[in-house]
Amino acid sequence: MDAVETAQIKDRMKFEAARKSPPEDFPQLPPIPAGRYTDPKFLRLERELVWKRAWLYACHADQIANLGDWMLVRNTGSPVIVLRDLSGDFKAFYNTCQHRGAPLVTEESGNGRGFVCGYHGWSYTLDGKLTAVRDKRDFTDLDFSCHSLKPLRCETIGKLVFINEDAEAEPLREHLGPMAGELEQYQFEKLDFVESRSYEVECNVKVLIDAFLEVYHLKSIHQKSVDRFLDHRGMTASLWPNGHSRMVTPNKRPDWQDPGTIGMPKVDGVTEIPRDNNVSYMIYPNFVMPPSDSGIPLLQFWPTGDRTCRVVSTWIAPDHDPEKPHPKWEERAANWERILYEDLQFAPQIQESLQSPGFVGMPLNYQERRIYHWHEELDRRIGANRIPEGLAVEKVLSPWVEA
Ligand code: FES
Ligand SMILES: [Fe+2]
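The rules behind these values
- Residues numbered from 1 in each chain as written.
- Chains lettered and ligands numbered in written order.
- Predicted model: local features only at pLDDT ≥ 70, side-chain atom pairs only at ≥ 80, totals over all residues.
- Helix = DSSP H or I, 4+ residues; strand = E, 2+ residues; numbered from the N terminus.
- Rg over C-alpha atoms; globule rule 2.2 N^0.38 Å.
- Contact = placed C-beta atoms within 7 Å.
- Pairing = 2+ DSSP bridges.
- Axes fitted to C-alpha atoms, helices over the stretch in contact; angles between N-to-C directions.
- Domains from an automatic or database assignment.
- Nonpolar A, V, L, I, M, F, W, Y, C, P; charged D, E, K, R; others polar.
- Buried ≥ 20, exposed ≤ 12 C-beta atoms within 10 Å, placed from the backbone.
- Core = buried A, V, L, I, M, F, W, Y, C linked by C-beta atoms within 7 Å.

Draft legend 1. Focus on the overall build of the chain. For the chain, the count of helices and strands is ten helices and 19 strands. For the chain, the C-alpha radius of gyration of 23 Å lies close to 22 Å, the compact-globule estimate for 403 residues. Referenced to the eigenvectors of the C-alpha coordinate spread, the extents of the chain come out at roughly 80 × 55 × 35 Å. Residue pairs in contact within the chain that sit at least 24 positions apart in sequence constitute 65% of those at least 6 positions apart.

Laid out in C-alpha cells, this is it:
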C-alpha cells in the first residue's frame, strides 16, 4: 500500500470512528432471506454454479515440496490430486482413473513418478498421460491420448496453490483485481507452512463465512480476546469486484503490539496499515486471511453438506523450521484456536434457528456490509433468473464497489 492509500485508509478509519450514522448516501440493506441458508434448490445452484467454478485454496507448496510429491484434496467436493511434477510445476487432476473411475491414490499424500490404478492397473504419468493398459489386446482401437487424467486449473500466489474446476475461469490474478497487487507485500513465496487444523461444524457454510466478514460481534463473543485490543467502531471496509473484500480495523492503542509475536521472525516490506492495524481479506467465496508480518492464519470454509461444513485453519510464517519451531508457536496457535472456538460457538444453534419458522431474514447494518456484498456476488454468479422465488437479494451496493 503506497503513501496515498495509507493516508486514505487512516482517514477512513477516523471517519468511521467518529460518524454518528452510516454515510448519508449509504443504502438501506434489504434483509437476507433465511431460505438462502436452507433451501435445497438454492443450495444446489450455489454448489453447481458458485463452488464448482470458484478459485479455491488447495494446499501450501511446502506440503508438496519435492518433485513427484502429491496430496489428495477433498475439501472442494471432488476428489483432486494436487502435485508437483518433475519440472517443479504445480498440477491438479481428478483422482479418477479414466477406465472405470477408481481412485489413483487412496492415501492422503505421497511421492511417485506417476500413478498406477489399483483396480486394473492402468498407468499414468505425473502429467496425466495414460502410458500403459493391462491386456491392451482386448481393447479395440483404444486411443491412449483420449484417456489422459482430467486436469483442473491450478495457479499459485507465492506458495499458496489454488485450483478451479472451471476450465474457462479467468486467471486467478486477474480475478483478484485490486487485491492482487496489495497482496504482494506479504511475499507469499517466502512464507512457510507451519501447521493446519480442521473443525467440523453443524451449520450451513455461510453461517460461518458471515461471522468472518464483520467485527460487529467483537464486544460480545470476543470480549475477553480480540475486543481487548481492536476498536471495531473504526473498521473501514473495501468492497471489490467479484465479491472480494477487505476490512481494516484499528487497534485501540496505536502503539499496541501483540506480545505473543514479539521476537518472532518477520517479513520485511509489510506496510504500515497491516503492520499496525488488523487487516482481513476475503477471497471469494471462502478464503479469509488476516495478515501480519510475523505469520498469517489462512481460513477456509468448506460446505460438507447443506447443514454441515468444515473450517480449515492453516498457519504460514517467515523462516519457519519444522524441526525447530519458534518457542512462541505453541501458544500462538492455541490462542488462535481459542478465538476460533469463540466464533464457532453459536453456529449450530443459528442453523437450527434458520430452519425454524422463528426466523425469516437478517437485517444487516452498515458495519455488516461485506456480508451483503458477498450475497450480491452469490446471486450474480448463480444468475438472477435462476434464483428460486423470494430468495434473491436486491442489488444495492454497486456504487460502493471499488474497482
Ligand atoms: S478403473 Fe482404473 S484401471 Fe480400471
Ligand atoms: Fe470473530
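Further notes follow.
Draft legend 2. The arrangement of the sheet that holds strand β9 (residues 130-132) in detail. Spatially, β7-β8-β9 is the arrangement adopted by the three strands of the open sheet, whose pairing is antiparallel. A strand with exactly one partner marks an edge of an open sheet, and here the two such strands are β7 (114-116) and β9. Pairwise comparison of adjacent strand axes, ignoring direction, gives a mean angle of 30° for this sheet.

Draft legend 3. Up close: the domain arrangement of the chain. When the domains of the chain are assigned, the result is domain 1 (3-54 + 178-400) and domain 2 (56-157). One C-alpha centre belongs to domain 1, the other to domain 2; they are set 33 Å apart. For the side of domain 1 that touches domain 2, the element with the highest residue contribution is strand β18 (residues 309-318), accounting for four residues. Here the side of domain 1 that touches domain 2 is composed, by residue class, of ten nonpolar, three polar and two charged.

Draft legend 4. Representation of the sheet that holds strand β12 (residues 191-201). Taken together, the seven strands give an open sheet; going across it, the order is β12-β18-β17-β16-β15-β14-β13, and neighbouring strands pair in antiparallel fashion. The open sheet has two free edges, formed respectively by β12 and β13 (236-239), since each of these has just one partner strand. Looking at each pair of strands side by side, their axes are set apart by 15° on average, direction ignored. The pairing of strand β14 (residues 245-250) with strand β15 (residues 277-283) spans six bridges and is classified as antiparallel. Directly across from S245, in β15, lies its bridge partner M282. Taken strand by strand, helix α1 (residues 3-18) contacts β13 and β14, and its axis lies near 120° from that of β13.

Draft legend 5. Representation of the environment of P31 in the model. The residue P31 is located in the loop between α1 and β1 (32-33) in this model. Since 13 C-beta atoms lie within 10 Å of it, P31 is described here as partly exposed. Leaving out residues up to four positions away in the same chain, P31 has contacts with G361, M362 and P363.

Draft legend 6. Structural detail: the environment of S78. If you trace the backbone, S78 turns up in the loop between β3 (69-73) and β4 (80-84). On the basis of neighbour count, S78 is assigned to the partly exposed category, with 16 C-beta atoms found within 10 Å. Linking S78 and E389, residues 311 residues apart in sequence, is a C-alpha distance of 29 Å. Leave out the neighbours within four places in its chain, and S78 touches Y94 and E165.

Draft legend 7. Expanded view of the pairing of strand β2 (residues 56-60). Counting buried residues in β2 gives five out of five residues, a clear majority hidden from the surface. Note: β2 against strand β11 (residues 160-164), four bridges, orientation antiparallel. Residue pairing for β11: L56 is matched across the bridge by I163.

Draft legend 8. Spatial organisation of unusual backbone geometry. A cis geometry characterises the amide bond from Y284 onward to P285, with omega recorded as 5°. Mapped onto the secondary structure, P285 falls in the loop between β15 and β16 (287-289). At N242, a position not held by glycine, the phi torsion is positive, near 65°. Considering the arrangement of structural elements, one finds N242 in the loop between β13 and β14.

Draft legend 9. Expanded view of the pairing of β15. Counted residue by residue, β15 has seven buried out of seven residues, so it is predominantly covered. Pairing of β15 with β16, which is carried by three bridges, proceeds in the antiparallel orientation. Counterpart to Y281 in the pairing with β16 is M289.

Draft legend 10. Local environment of the nonpolar core. With 91 residues, the main nonpolar core has A58, V82 and L208 as its most contacted residues. Both domains that furnish three or more residues to this core are identified here as domain 1 (3-54 + 178-400) and domain 2 (56-157). Setting aside anything within four residues of it in sequence, one finds L208 in contact with V201, C203, F301, C309, V311 and A347.

Draft legend 11. Quick look at the environment of K190. Along the chain, K190 falls in the loop between α4 (178-183) and β12. A tally of 15 C-beta atoms within 10 Å means that K190 is categorised as partly exposed. With 31 residues separating them in the primary sequence, K190 and K159 have C-alpha atoms 7.6 Å apart. Ignoring sequence-local partners within four residues, the contact set of K190 consists of V267 and P318.

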